[in-house]
Amino acid sequence: MNKKINLNFLIFLLFLVIFPNFNNAKEILIYADSISYDEEKNIIAKGNAKVFQDNKLILSDLIIINQTNEKITLPSKFTFKDEGDNFYQGENGYFLKDLELAEFNNPKIKLNDGSRIIGKKLKRNGKIDIITKGVYTPCNSRIKIGNFICPTWQLEGEKILHDNNNLFLYQKHSKMRVLNTPVFYIPYIVAPSPLRKERKSGFLTPSVALNFFDTKTSQATSFPYYFNIDIDKELLFTPIINYGGGVDASQRFIFDYNQILSGGNFKTDLTFDSNFEEKNNNKWLTDASLITKFNKNLNHQYRININSAIQTSKNYIQITKPNDDLSYTNSLATNFNLEGFNLRTIDDQLNLSLNFYQTNQENEDNKTIPTVFPKIKYFSGYQNKLGYLSHSTYEFYNIFREKSSLIHAKKQQKISHKFNFKKEFVNLNSKISLDAEIYNQAFNTENKLINNNNYKTGSYYRFFPIVGISTESPFKIKKYSSNLTFNPKLKIVITPGISNSNKLSNEDSTNNDFNIDNIYRLNRFSGNDKMDNSKRITFGLSAYTSNFNSKLYQSYEFTNNSNFHKEQGNDENLSDLIGSIEYYKTNEISYNFRYDINDAYLKKQNINLKSDMSYGTIKLSYLDENSKTNNIVTKDTETINYSLVSKKFSKFSKINFSGLYDLKEEINKEYSVGYSYFDECFGVNIDFARKSYEEDNLKPQDILTLMFSFKNIGSYKSTNLVSTDNDRDIKWENVNINENKFENN
């Protein structure tokens, strides 16, 4: 018979019970409504029974403790919490040895991140949990399909091993279900545990792609392996094996290396193709590309930056990495940059660069692509003497090509010194500024094409001063508005008026434009290979408040052969009128224009609108651009750029829409539409893009991609699903996804 313990003695036992016979056991505490002993001296705890050991806890209505074999038996339903705040539910089981060994039926595990594992049976050995016929999911949400309620997605395994020490999930004979529909089966899969906070080396999920070409079918299989080299170094190695379809076997190897440096980082991406298995093949490397990015602060004064993109054949990067921005550039570059700060004086700067280029598109001639070796620029810093500011800029470059182009020399070297001077003073409620730029330049040029029929080689020296004086007098009309400020500005610029020589190759004065940002500059060219030889007066008016700004400017040229003025489409001495209006508060709207006073027409107008609305953010941009020569229209462009990014609706969904519409041709030259859904465990992106441009070998293309994201597992993104070619090369690639995209409920 059981020996009953009266209630008064129970109160004492509720505080502390120690197992005296558990050899080397840690202290165990027992609480219950009723505690008794049976004939074999087993402790029987009934009613709200609790067993504590360190940070571990067992809760059940009935707990039987055998002091002889150190066994805790749980014949009914129970809850177990481990030291990591992971909760286990089960029934008809037992625990041994400091709660490190266990076995029970119908386990239900809720990990501390909210992920859940359930199964038929669980065996626990230290930090290893083995679940028979288990199901894993990080999803808290439930979806009702018919009479069945299921999570968004789950992984079912014949055996699931959860390594709580190394934090990995191992699954045997695994099957994934999405919306209770089986989507794939894999004999063996290893995934990081949702509790994992650190990276670890191991195989990632392999992928298989079927490629259909006419009547032939080939297959590509990849087996990515992740190397956690160190806390600051990682490497992802992805071999891809192609076979079948009556074609020679080939391989592609991708190495993606990342390293965090003190004061910088290093990243390199190597891809190469091979034919190891091809018969009588002496050339194992067929094509390759190498993309490298490196930047580092050498010390408090110097910083180094290296960017490189090279390939063994044209369009290889475009083929292997179609979504990379490099795929659409005309040339690839390898750039080496060394920057220095505060070297001799405060605020001085040094820039040393080496630049090598390689054509990326078929229509480019690689022999006319320049090499810059080197380019050095030193900015001496400001000096304040007697109330004025001055600084010097020293520059040297050596640029060469295999052959001359129509506008560039084969070789050119330049040594340049620019001295800047500026003094400001206030008088009669006006700010008056006197500024100057003085250039001393020497050029050595080889094989520069002159007038399309003659090549010139020679050395040239140029001394070129530019002087300007300006005044501005801001004022308010308080009778009408105390917030609105008017600011008229006038500037006179004087230069030698010497026209640029066609014997010099223009290497750095590119992308020039007549606009509000440069109208008051002394040299309006973007570089100084070309000089602004204009004697001119510039005048204008600006008006502004805290959320409103408007500008209206114009210039008059006294020099009839003004290089910049003529090149930018100003046919008369009086320039086009340029202006802008901006309003920014809840919404943002801007309008800028260029108006030809002499021919009375708008050369350019641009309207931009950004509006944050209850359902999302809308952006619209309208561009209208025209030009005439002898009253004949030579350029006529009218387009609308538009985009919509919605706010979340139905809790987890977002849509985006963008495009470029050509109003003259009445077609969408490009547009894209996308939908995304991200809840706490599952995400899907559907994106469609169409481009109507036709550029050489880059054909117009519709691109439809689909990406599924699974929390703690990874994301799988398709290649183009709507290819119109006979070659159907649809693949699923494993990509990284930011875990923050998944909502925590």
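Structure: see above.
Residues numbered from 1 in each chain as written. Predicted model: local features only at pLDDT ≥ 70, side-chain atom pairs only at ≥ 80, totals over all residues. Heavy atoms only, no water.

1. Remarks on the state of the cysteines
Argument step 1. Under the definition given, this model contains one disulfide.
Argument step 2. A sulfur-sulfur distance of 1.8 Å marks the disulfide that ties Cys139 to Cys681. Every disulfide takes its handedness from the sign of the S-S torsion; for Cys139 and Cys681 that torsion is 95°, giving right-handed. Taken as a pair, Cys139 in the loop between β11 (128-137) and β12 (143-145) and Cys681 in the loop between β44 (667-678) and β45 (682-691) lie far apart in primary sequence, 542 residues in all. For the pair Cys139 and Cys681, a shared accessibility class is recorded, and that class is buried. (Disulfide = S-S within 2.5 Å. Helix = DSSP H or I, 4+ residues; strand = E, 2+ residues; numbered from the N terminus. Buried < 20%, exposed > 50% of the residue type's maximum accessible area, 1.4 Å probe, protein only.)

2. Details of the side chain of Ser580
Argument step 1. Tracing the backbone through its elements, the reader meets Ser580 in strand β38 (residues 577-584).
Argument step 2. Not counting chain neighbours up to four residues away, the residues in contact with Ser580 comprise Ile516, Asn549, Ser550, Lys551, Tyr591, Asn592 and Phe593. (Contact = heavy atoms within 4.5 Å.)

3. Structural notes on the pairing of strand β39 (residues 588-596)
Argument step 1. With eight bridges connecting them, β38 and β39 associate as antiparallel partners. Bridge pairing in β39 links Tyr583 to Ile589.
Argument step 2. Linkage of β38 to β39, two consecutive antiparallel strands, is achieved through a turn of three residues.
Argument step 3. Strand direction decides the pairing type here: β39 and strand β40 (residues 601-613), joined by nine bridges, are antiparallel. Its bridge partner being in β40, Glu588 is matched across the sheet by Lys610.
Argument step 4. Counted along the chain from β39 to the antiparallel partner β40, the turn is four residues long, and its residue Ala600 has a positive phi close to 55°. (Pairing = 2+ DSSP bridges.)

4. As for a nonpolar patch on the surface
Argument step 1. On the surface, Leu434, Val467, Ile469, Ile492 and Ile494 cluster together to form a nonpolar patch covering roughly 390 Å² of accessible area.
Argument step 2. Of all elements in the fold, only β33 (454-472) and β35 (485-494) reach the threshold of two or more residues within the nonpolar patch. (Patch = residues over 30% accessible without salt bridge, like charges linked within 9 Å, V, L, I, M, F, W, Y side chains within 5 Å. Areas by Shrake-Rupley, 256 points an atom, 1.4 Å probe, with all protein chains shown as cover. Salt bridge = Lys/Arg side-chain N within 4 Å of Asp/Glu carboxyl O.)

5. Considerations on the packing of aromatic side chains
Argument step 1. Inspection of the entire model under this criterion finds 26 aromatic pairs.
Argument step 2. For the ring pair Phe356 and Phe373, a centre distance of 5.9 Å and an interplane angle of 50° mean the geometry is tilted. Of this pair, Phe356 sits in strand β27 (residues 349-359) while Phe373 sits in strand β28 (residues 371-379), placing them 17 residues apart in sequence.
Argument step 3. Here Phe356 falls in the partly exposed class, since its relative accessible area comes to 34%.
Argument step 4. For Phe373, a relative accessible area of 41% corresponds to the partly exposed category.
Argument step 5. With centroids separated by 6.4 Å and ring planes inclined at 50°, the aromatic side chains of Tyr677 and Phe682 adopt a geometry described as tilted.
Argument step 6. Among the residues examined, Phe682 registers a relative accessible area of 8% and is labelled buried.
Argument step 7. Taken together, the ring pairs connect Phe78, Phe80, Tyr88, Phe95 and Phe104 into an aromatic cluster.
Argument step 8. Stacked on the ring of Tyr94, the Lys or Arg Lys71 has its end atom at 4.6 Å from the ring centre.
Argument step 9. Above the face of the Tyr520 ring, Lys489 is positioned so that its terminal group lies 4.4 Å from the ring centre. (Phe/Tyr/Trp six-rings, centres within 6.5 Å; stacked < 30°, edge-to-face > 60°. Lys NZ or Arg CZ within 6 Å of the ring centre and 35° of its normal.)

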